Amino acid sequence: ILNVEQSPQSLHVQEGDSTNFTCSFPSSNFYALHWYRWETAKSPEALFVMTLNGDEKKKGRISATLNTKEGYSYLYIKGSQPEDSATYLCAFRNSGYALNFGKGTSLLVTP
Amino acid sequence: SQTIHQWPATLVQPVGSPLSLECTVEGTSNPNLYWYRQAAGRGLQLLFYSVGIGQISSEVPQNLSASRPQDRQFILSSKKLLLSDSGFYLCAWSVWGQSNQPQHFGDGTRLSIL
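Sequence order as written defines the numbering, with residues in each chain counted from 1. Naming scheme: in the order in which they are written, chains are lettered from A and ligands are numbered from 1. Local features in a predicted model are, by the rule used here, given only for residues with pLDDT of at least 70; side-chain atom pairs are given and counted only at 80 or more, and totals for whole chains, interfaces and linings are based on all residues. By convention in this description, side-chain values take in all heavy atoms of the structure and omit both hydrogens and water.

(A) Here's a closer look at the interface of chain B and chain A. Residue contacts are counted whenever heavy atoms from the two residues lie within 4.5 Å of one another. Between chain B and chain A, the residue contacts involve 23 residues of the former and 19 residues of the latter. Buried area between chain B and chain A, summed over both chains or domains, comes out near 1700 Å², and the portion from carbon and sulfur atoms is 62%. The salt bridge criterion pairs a side-chain nitrogen of Lys or Arg with a carboxyl oxygen of Asp or Glu, the two atoms within 4 Å. The interface formed by chain B and chain A holds zero salt bridges in total. Polar contacts, as used here, are pairs of N or O atoms within 3.5 Å; protein pairs need one atom able to donate a hydrogen and one able to accept it. Residues neighboring in sequence count only if both atoms are side-chain atoms. Linking chain B to chain A there are two residue pairs in polar contact (both at pLDDT 80 or more). For the purposes of this entry, the term helix denotes a DSSP run of H or I that reaches at least four residues, the term strand denotes a run of E that reaches at least two, and both are numbered from the N terminus. Every element with two or more residues in the side of chain B that touches chain A is listed here: β4 (32-38), β5 (45-52) and β9 (87-94) of chain B. Summed over both partners, buried area is the accessible surface (1.4 Å probe) that two parts give up on being assembled.

What follows is the structure, given as structure tokens:
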């Protein structure tokens, strides 16, 4: 089992604030890094799959960066909205099929 | 469009009883299929994956087994449940042969063992 760490564990911000989370993963045998959003009472939803060092991806107000050499990825949310409240999961994949998930960052955005 | 169905949504079972959770995918052929578990206070852990009918790979030794009797059907089973089998179980699929595609998850099953 590969160690994937996410920080912070939880975050509480006001509507309109921008925020970011960190995902740390092993820097050897890198294949892909996934980000998912998991809202309460729903199934996890894929945000990004990142494969290249230096990659940046964007989806609306959410963006992510990837550094495979040092083993970290950042997820940014610009101008947080209450509907962004969810747990954000990252998952690291090496050469096999398994996705190794972190425990997630729980985000609460209040009006 | 593709959909994934997983049932039941919740299940309460006594220790030592059998288990069968079912997952089906629609709208795609020959998907990769996965079973995950989230135990209390822990991240999602891959239990099994399958790249084709009858092909099952286990990621961790455990009290559970998986089967894929049809292309888009994935079943998680146990002959005798343990207290440690409690948790939230998620089924997922991804496109076969395209290694950098995301996984798509079902709504999950909350399993409580008494």
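(B) Structural detail: the side chain of Gln13 of chain B. Residue and element names in this part refer to chain B. Relative to the helices and strands, Gln13 resides in strand β2 (residues 10-13). Side chain to side chain, Gln13 and Ser17 meet in a polar contact 3.3 Å long. Those residues within four positions of Gln13 in sequence are excluded, and the remaining contacts are Pro18, Leu81, Leu111, Ser112, Ile113 and Leu114.

(C) Here's a closer look at the pairing of β9 of chain B. Residue and element names in this part refer to chain B. We call a residue buried when its accessible area falls under 20% of the maximum for its residue type, exposed when it is over 50%, and partly exposed in between, using a 1.4 Å probe and counting protein chains only. A large share of β9 lies buried, amounting to eight of its eight residues. Pairing between two strands is assigned when DSSP locates at least 2 bridges connecting them. Where β4 lies against β9, seven bridges are found, and the strand directions are antiparallel. Across the sheet, residue Asn32 finds its bridge partner in β9, namely Ser94. The pairing of β9 with strand β11 (residues 109-113) spans three bridges and is antiparallel. Along β11, the bridge assignment pairs Tyr89 with Thr109. As judged from the two bridges shared by β9 and strand β10 (residues 104-105), these two strands associate in the antiparallel manner. In the strand pairing of β10, Ala92 is matched with Phe105.

(D) Region of the structure containing the sheet that holds strand β8 (residues 73-78) of chain B. Residues and elements named next belong to chain B. One open sheet holds the four strands; their spatial order is β1-β3-β8-β7, and the pairing between them is antiparallel. Only two strands of the sheet have a single partner each, and these edge strands are β1 (3-7) and β7 (65-70). Put simply, the sheet's adjacent strands are angled 20° from each other on average, direction ignored. Two elements, β7 and β8, share four bridges in a ladder whose sense is antiparallel. Residue Gln70 lies in a different strand from β8, and its bridge partner there is Gln73. Convention adopted: a line fitted to C-alpha atoms gives each axis, helices being fitted over their contacting stretch, and angles between N-to-C directions are expressed from 0 to 180 degrees.

(E) The arrangement of the side chain of Arg68 of chain B in detail. Residues and elements named next belong to chain B. Locating Arg68 in the fold gives a position in strand β7. By relative accessible area, which is 2% here, Arg68 ends up buried. Reaching out from Arg68, the side chain makes a polar contact with the backbone oxygen of Pro31 at a distance of 2.7 Å. Side-chain polar atoms of Arg68 contact the side chain of Ser50, separated by 3.1 Å. Those residues in contact with Arg68 that sit more than four places away from it in its chain are Asn30, Pro31, Leu33, Ser50, Val51, Gly52, Ile53, Gly54, Ile56, Gln73 and Phe74.

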